[in-house]
Amino acid sequence: MTTEPAAPQTGPQTAPQTVDLAAAYEASGVREVLKELDDTMIGLAPVKQRIRETASLLLVDQARRQLGLATETPTLHMSFTGNPGTGKTTVALKMADLLHRLGYVRKGHLVTVTRDDLVGQYIGHTAPKTKEVLKKAMGGVLFIDEAYYLYRPENERDYGQEAIEILLQVMENNRDDLVVILAGYADRMDRFFDSNPGFRSRIAHHIEFPDYSNEELLKIADVMLTEQNYTLDPAARTAMADYIAARRGQPHFANARSIRNALDRARLRQANRLFNEAAGPLDGTALSTIAGADILASRVFRGGLDVDRKPAKEAAE
Amino acid sequence: MRLRQGQYSFLPDLSDDDIRVQAQYAIDKGWAVSVEYTDDPHPRNSFWEMWGHPMFDTPDAAALVYEVNECRKAHGAKYIRVLAFDASAGWESIRMSFIVNRPAEEPGFRLVRQEGEGRMIRYTIESYATREPEGARYA
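Residues numbered from 1 in each chain as written. Chains lettered and ligands numbered in written order. Predicted model: local features only at pLDDT ≥ 70, side-chain atom pairs only at ≥ 80, totals over all residues. Heavy atoms only, no water.

Notes on a nonpolar patch on the surface
All names here are of chain B.
Logical step 1: Together, Leu111, Ile121, Tyr123 and Ile125 make up a nonpolar patch on the protein surface, roughly 360 Å² of accessible area in all.
Logical step 2: Of the residues forming the nonpolar patch, the biggest block, 3 residues, is contributed by strand β6 (residues 121–127).
Logical step 3: Checked against the element boundaries, Tyr123 lands in strand β6.
Logical step 4: We classify Tyr123 as exposed; its relative accessible area is 54%. (Patch = residues over 30% accessible without salt bridge, like charges linked within 9 Å, V, L, I, M, F, W, Y side chains within 5 Å. Areas by Shrake-Rupley, 256 points an atom, 1.4 Å probe, with all protein chains shown as cover. Salt bridge = Lys/Arg side-chain N within 4 Å of Asp/Glu carboxyl O. Helix = DSSP H or I, 4+ residues; strand = E, 2+ residues; numbered from the N terminus. Buried < 20%, exposed > 50% of the residue type's maximum accessible area, 1.4 Å probe, protein only.)

Right, here's the structure in full:
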């Protein structure tokens, strides 16, 4: 027999004594988001790892809250750094969904902005503009792409500083209302944080997006084409692999975005080829197969973008 | 005398959370919410000053609470109300209106009697506050 007094009756005021994390995980629907992330995003292992960690942190925080151990909302502002086309915006969308399911943002929508949407053109224009954007993002996630453009040290009268001040203030005071994600290239973001220490201290999660490997980019090409009901024939597949390797060494390489552009152009050439060659009726396979020639015609195999800009004399011939 | 205008005016003052829930209801209905303030509490005063634009495309009511608080910083000693407009009829019709901020002292209204022709009496009310010029009321 126990000598301890009877446990208090469970009423609305008494906190539960234990929390089932696995059940909370199932109930929150985080599993689906993480699975979707795994299925739809190729590569990005460190990013997925960080997101999984963040999700568990938030689940544990939620559990602590239920037991009355935590009261403060954790800082959820993040910075995504990485080269162009590495999936920052897509992951931000998933992140918004994740935070919504865990109950850290009420609506879970993503508002994507750049410097243009925040900074005004004349005195007194910036504050209302920034506030308007912030209000639109409340209850969701504000994604600031290429955030370092906000700060222009070379112009001391630049209105970007004003936008930064308002952002910082709202990030601090309305932490429950919105989550801010800053994105941009790693080195320039570092410089941005160095010159705006307020930002660095208000951002808890710095997530770095690695470049895709050639194999991953080929897989991404496959996924993109499947979504549009196209296929690569074996020759085109080899050509695509060569294309990726060649494109990487050329300027303005933007990972998955370059692949998407390349595929768009390949579809254009395929359509052109079908139009010129087709003598009789075409079946579905012909309409949806991209041949090796469609990809090999790319200027990437002829030395890149420079070939197009021939000197005027040569071009006239 | 406590001003009784609009919804919930017989209830205790709404907290920020109450305001958020009410505004969220309006937003979920597709109505645009906005903030207005005045220092002329006459019930027929339909010209309240607008605090910013009506919020047509904010999905979450936190934005409204944010603006209410911004307005309180600037006009904390005046009346502030929240409106919800419904544009679905093709014009903006007010669906909700409630006061979210009021001056510390509300002096109330004076009944004025005007002697007309014969022994006719015209009645009107006048806010004690509006005896002061605009801006000097509810100091």
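Re the interface of chain B and chain A
Logical step 1: Counting residues at the interface gives 14 residues for chain B and 12 residues for chain A.
Logical step 2: Remark: the boundary between chain B and chain A carries 5 salt bridges.
Logical step 3: Here Asp60 of chain B ties to Arg106 of chain A by a salt bridge, and the two come within 2.7 Å at their closest N and O atoms.
Logical step 4: On the surface where chain B and chain A come into contact, there are 4 residue pairs in polar contact (both at pLDDT 80 or more).
Logical step 5: Within the residue set of the side of chain B that touches chain A, elements represented by two or more residues are α1 (16–28) and α2 (62–75) of chain B.
Logical step 6: Of all the elements, α2 of chain B adds the most residues to the side of chain B that touches chain A, at 6 residues.
Logical step 7: By residue class, the composition of the side of chain B that touches chain A is 5 nonpolar, 2 polar and 7 charged. (Contact = heavy atoms within 4.5 Å. Polar contact = N/O pair within 3.5 Å; in protein donor to acceptor, adjacent residues only side chain to side chain. Nonpolar A, V, L, I, M, F, W, Y, C, P; charged D, E, K, R; others polar.)

What to know about unusual backbone geometry
Logical step 1: Residue Asn229 of chain A is not a glycine yet carries a positive backbone phi of 60°.
Logical step 2: Locating Asn229 of chain A in the fold gives a position in the loop between α10 (214–227) and β6 (231–232).
Logical step 3: Even without being a glycine, Tyr8 of chain B presents a positive backbone phi close to 60°.
Logical step 4: Among the secondary structure elements, Tyr8 of chain B is positioned in the segment before α1.
Logical step 5: Relative accessible area serves as the criterion here: at 27%, Tyr8 of chain B is assigned to the partly exposed category.

Focus: the sheet that holds strand β4 (residues 93–101) of chain B
Residues and elements named next belong to chain B.
Logical step 1: Taken together, 4 strands build an open sheet; the order of strands is β2-β1-β3-β4 and the sheet is antiparallel. The outermost strands of the open sheet, each flanked by one partner alone, are β2 (49–55) and β4. Mean inter-strand twist for the sheet, computed between neighbouring axes without regard to direction, equals 20°.
Logical step 2: Bridge count between strand β1 (residues 32–38) and strand β3 (residues 79–86): 7 bridges; the pairing is antiparallel. Bridge pairing links Ala32 to Phe85 in β3. (Pairing = 2+ DSSP bridges. Axes fitted to C-alpha atoms, helices over the stretch in contact; angles between N-to-C directions.)

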